[in-house]
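Structural overview
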Amino acid sequence: MARLQRRRRWLWVGVLSLGVLAIGAAWLGWRVWTVKGELDQLASLSSEARAAIDAGDPTELSDAAQAMAAVAGRASSAMADPVWRLAEGVPGAGPNFTAVRVVAAELGRIAEAAPAVLTIADGFENRPDGAVVDTSRLAAGSADAEDAATSLEASSKALDALRTGELIGPVARGVEQARAAVDELAPLAGAAAGAARILPGVLGDRGERSILVMVLNPAELRTGGGISGSFVEMRAEAGRLTLVRQAESSEFVPVTHPIAELPEATTALYGDGVARYVQNAAMTPDFAATGRIASAWWAGLTGHAPDMVLAVDPFVLQALLAVTGPVELSTGAALDADNVLDSLLVDPYRSLTSDEQTSLFSSAADAVFTRLASGSADPLALLRALEQPVADGRLSAWSARPVEQRLLEHSVLGGPRARQDAAGPGAFAVYFNDATGGKMADYLDIAIDTRTIACRGDGIAEVAVTLTMASRAPADVASLPVSVTGGGHFGVGVGDIGTNVTVTAPAGSYVGAVDVKGEPYPAPTAIDVDRAASTARVNLSPDEVNVLEFRFLIPRSGADSLAIVHTPLMSPAEVRIGDGCAGDISP
């Protein structure tokens, strides 16, 4: 009898357990169904938010953000119980429940970050007459914008940590949609935060400022993009810009001694002309040095130094013209996003005299910057248009104000060296400096490859950076004007392309051998701020292909995160990254 009672008791325990499991499963199923419906709405709303960003519509973005916050809140509430957390630990199915929870949380965070971005956007959209931005509104929203940018960076990391290969299709797609939403908003939030930190002061919120815009010409390469050919001084006050003065490089007389102090490593790698010729201001990868050099040249010409130096190239002007629309030059011709590159980088050197070139560049700068200074262009659209040129390293900034400069030198506007730092511990930088004395870069094709040669047991890896450089110059190139070919005046044959190539390795590196066309090359070397660097000269005749290989010893940890940054070029370089160490150890 007692045994029968025990059996009945265990039977009831089993039945109750199955009942609890059934109820739990039903409860969980209902929760999943609820969450799925909310996440479907979130996916749709995130698409609406991205469309609002693309259209520059703050009202639509605000509406989408508020709806996302409400939906994300309901989804998070549906998952806030012990059953869901237990489900996350179930083998196989668990990662899907975790991913759904993370997606809901991060989409909610996106919605929370949007208002701060909208506040900054409002400072761009609603501004005093004639002002580029409302500087006081930007300054007031700076802290919130910074928090939003930090929050979205955390969201990006949380979503990237999810392994979509372990997830079922619908959940994996939800993760990708959430990542896409963050990828759309995060750059805008970062730009908004940076603008709120820097622009109020730069644009004269607390007094008049002088901004020197240095227009680089990548048809004749320098480390930071190209020779500094044109200069435009702008005056900023209370968010308004006024064009003050222009100058061409021909107005600056070369000096026998450097106009600004330079480190020995800079002279060893790039020569002593960096600070003796105004065209070479962007030859150093340290844009703080470029800023000081440009400031010294301008002070020598005008008697006063600028508060900020901003370097741009015609690709930046192309992006701006895509927003502002065409501008009219003094000749009556129209300059627009479709013709600006040929109009400023190619045609003048083939058909215009030196004086005519100067007049054209002056007219183009006056037209573009006058249009910008009018405040008539959509500032948010300008920020979006500049995203790619900034990523390519075509826009850099230096400030004479130490507080501002500390912010700039660690940002995307910090110049070549800052770009290498941002690319990670395994990043190499490849810099090109023209030795032809002409505008031949339009005929230059470049491919860059990395290869890990050995991964040693002492924590060191040997890595090779190989450049394949080719000339597309036409057979009759020697018939082109001297302003294109250089005329043979700098030791490079007429029609040839001479280039000094400098490769800078990651921090903590050591120089190795350099080969040019398969032969050892006596490369100048230096340690430039804890980074080993080597420079080699290459000469290309029409249709010629040369191969250069630079070898370095770097910390082995960097070999697993190899990357390449390089001088902005006329034509995109082909970059290929080889395998890292991946656990292999060579003797």
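It should be noted that the structure appears before, not after, this text.
The paragraphs below set out a description of the structure included in this document. (Residues numbered from 1 in each chain as written. Predicted model: local features only at pLDDT ≥ 70, side-chain atom pairs only at ≥ 80, totals over all residues. Heavy atoms only, no water.)

Re the overall build of the protein chain
For the protein chain, the count of helices and strands is 17 helices and 18 strands. Every one of the 587 residues in the protein chain was classed for burial, and the buried ones make up 51%. Sequence-distant contacts in the protein chain: of pairs separated by 6 or more residues, those separated by 24 or more amount to 71%. (Helix = DSSP H or I, 4+ residues; strand = E, 2+ residues; numbered from the N terminus. Buried < 20%, exposed > 50% of the residue type's maximum accessible area, 1.4 Å probe, protein only. Contact = heavy atoms within 4.5 Å.)

What about the state of the cysteines?
Inspection of every chain in the model, using the stated rule, returns one disulfide. A disulfide bridge connects Cys-455 with Cys-581, and the sulfur atoms are separated by 2.1 Å. Here Cys-455 and Cys-581 share a disulfide; its torsion about the S-S bond, -95 degrees, makes the bridge left-handed. One end of the pair, Cys-455, is in strand 9 (residues 444–455); the other, Cys-581, is in the segment after strand 18 (574–576), with 126 residues separating them in the sequence. (Disulfide = S-S within 2.5 Å.)

Remarks on the sheet that holds strand 17 (residues 562–566)
Ordered by their spatial adjacency, five strands build an open sheet running 14-15-11-8-17, and the pairing between neighbours is mixed. With one partner strand each, in any of the chains shown, strand 14 (525–528) and strand 17 form the two edges of the open sheet. In this sheet, neighbouring strand axes are inclined to one another by 25 degrees on average, regardless of whether the strands run parallel or antiparallel. Strand direction decides the pairing type here: strand 11 (residues 497–507) and strand 15 (residues 531–540), joined by nine bridges, are antiparallel. Bridging across to strand 15, Gly-498 finds its partner in Asn-539. (Pairing = 2+ DSSP bridges. Axes fitted to C-alpha atoms, helices over the stretch in contact; angles between N-to-C directions.)

Details of the layout of surface pockets
Empty space within the second largest pocket amounts to approximately 1100 Å³. Looking at which element gives the most residues to the lining of the second largest pocket, the answer is helix 12 (residues 354–373), with seven residues. Across the lining of the second largest pocket, the residue classes tally to 25 nonpolar, 18 polar and six charged. (1 Å grid on protein atoms, 1.4 Å probe; cavity = no way out; pocket = protein on both sides within 12 Å on 5 of 7 lines; lining within 4 Å. Points joined across faces, edges and corners; volume = space filled by probe spheres on them. Nonpolar A, V, L, I, M, F, W, Y, C, P; charged D, E, K, R; others polar.)

Section: the packing of aromatic side chains
Counted by the stated rule, this structure contains six aromatic pairs. Ring geometry for Phe-252 versus Trp-298: centroids 6.3 Å apart, planes at 40 degrees, classification tilted. A residue pair is termed long-range when its members are at least 10 positions apart, and Phe-252 in the loop between strand 3 (240–248) and helix 8 (264–270) and Trp-298 in helix 9 (residues 287–302) qualify at 46 residues. A single burial state applies to Phe-252 and to Trp-298, both of which are buried. One aromatic cluster is present, formed by Phe-231, Phe-252, Trp-297 and Trp-298 through successive ring pairs. (Phe/Tyr/Trp six-rings, centres within 6.5 Å; stacked < 30°, edge-to-face > 60°.)

As for the sheet that holds strand 18
Taken in spatial order, the six strands line up as 13-12-16-10-9-18 in an open sheet, and their pairing is mixed. Whereas interior strands pair on both sides, the edge strands pair on one side only; in this sheet they are strand 13 (519–520) and strand 18. Note that strand 10 (residues 460–471) and strand 16 (residues 545–555) share 11 bridges and pair antiparallel. Across the sheet, residue Ala-470 finds its bridge partner in strand 16, namely Val-545.

Overview of the nonpolar core
By size, the foremost hydrophobic cluster in this structure holds 86 residues, and its most contacted members are Phe-428, Leu-467, Met-469 and Val-501. Non-local contacts of Leu-467, meaning those with residues more than four positions away in its chain, are made with Val-430, Phe-432, Ala-447, Ile-448, Val-501, Val-503, Asn-546, Val-547, Leu-548 and Phe-550. (Core = buried A, V, L, I, M, F, W, Y, C linked by side-chain atoms within 4.5 Å.)

With respect to helix 10 (residues 314–324)
Burial analysis of helix 10 places eight of its 11 residues in the buried class, the great majority of the element. For helix 10, the N-terminal capping position is held by Asp-313, with its side-chain oxygen 2.9 Å away from the main-chain nitrogen of Phe-315. Gly-325 occupies a position one or two residues after helix 10 and carries a positive phi of about 85 degrees. (Polar contact = N/O pair within 3.5 Å; in protein donor to acceptor, adjacent residues only side chain to side chain.)

Overview of the environment of Val-547
Tracing the sequence through the fold places Val-547 in strand 16. Spatially, the C-alpha atom of Val-547 lies 5.6 Å from that of Leu-467, the residues being 80 residues apart in sequence. With residues near it in sequence (within four places) discarded, Val-547 still touches Thr-466, Leu-467, Thr-468, Asp-515, Val-516 and Lys-517.

Notes on the environment of Val-430
You can see Val-430 is positioned in strand 8 (residues 426–434). Its relative accessible area of 0% is what places Val-430 among the buried residues. Each C-alpha atom, one on Val-430 and one on Val-501, is 7.1 Å from the other, the two residues being 71 residues apart in sequence.

Details of the pattern of salt bridges
By the definition in use, this model includes 19 salt bridges. In this structure, Glu-220 and Lys-439 form a salt bridge, with 2.9 Å as the shortest nitrogen-oxygen distance. Taken as a pair, Glu-220 in the loop between strand 1 (209–217) and strand 2 (227–237) and Lys-439 in the loop between strand 8 and strand 9 lie far apart in primary sequence, 219 residues in all. A single burial state applies to Glu-220 and to Lys-439, both of which are buried. With a shortest N-O distance of 2.2 Å, Arg-531 and Asp-421 are connected by a salt bridge. Here Arg-531 is found in strand 15, whereas its partner Asp-421 is found in helix 15 (residues 416–422), with 110 residues between them in sequence. On the accessibility criterion, Arg-531 (10% relative accessible area) is buried. (Salt bridge = Lys/Arg side-chain N within 4 Å of Asp/Glu carboxyl O.)

Considering unusual backbone geometry
A positive phi is found at Ala-238, a non-glycine position, where the angle reads about 50 degrees. Relative to the helices and strands, Ala-238 resides in the loop between strand 2 and strand 3. At Asp-543, a position not held by glycine, the phi torsion is positive, near 70 degrees. Secondary-structure assignment places Asp-543 in the loop between strand 15 and strand 16.

Re the pairing of strand 10
The buried fraction of strand 10 amounts to 10 of the 12 residues, a majority that puts the element mostly inside the structure. Judged from the 11 bridges that link them, strand 9 and strand 10 form a sheet pairing that is antiparallel. What sits directly across from Ala-454, in strand 10, is Glu-462. Following strand 9, the chain reverses through four residues before pairing antiparallel with strand 10; Gly-459 in that reversal takes a positive phi of roughly 85 degrees.

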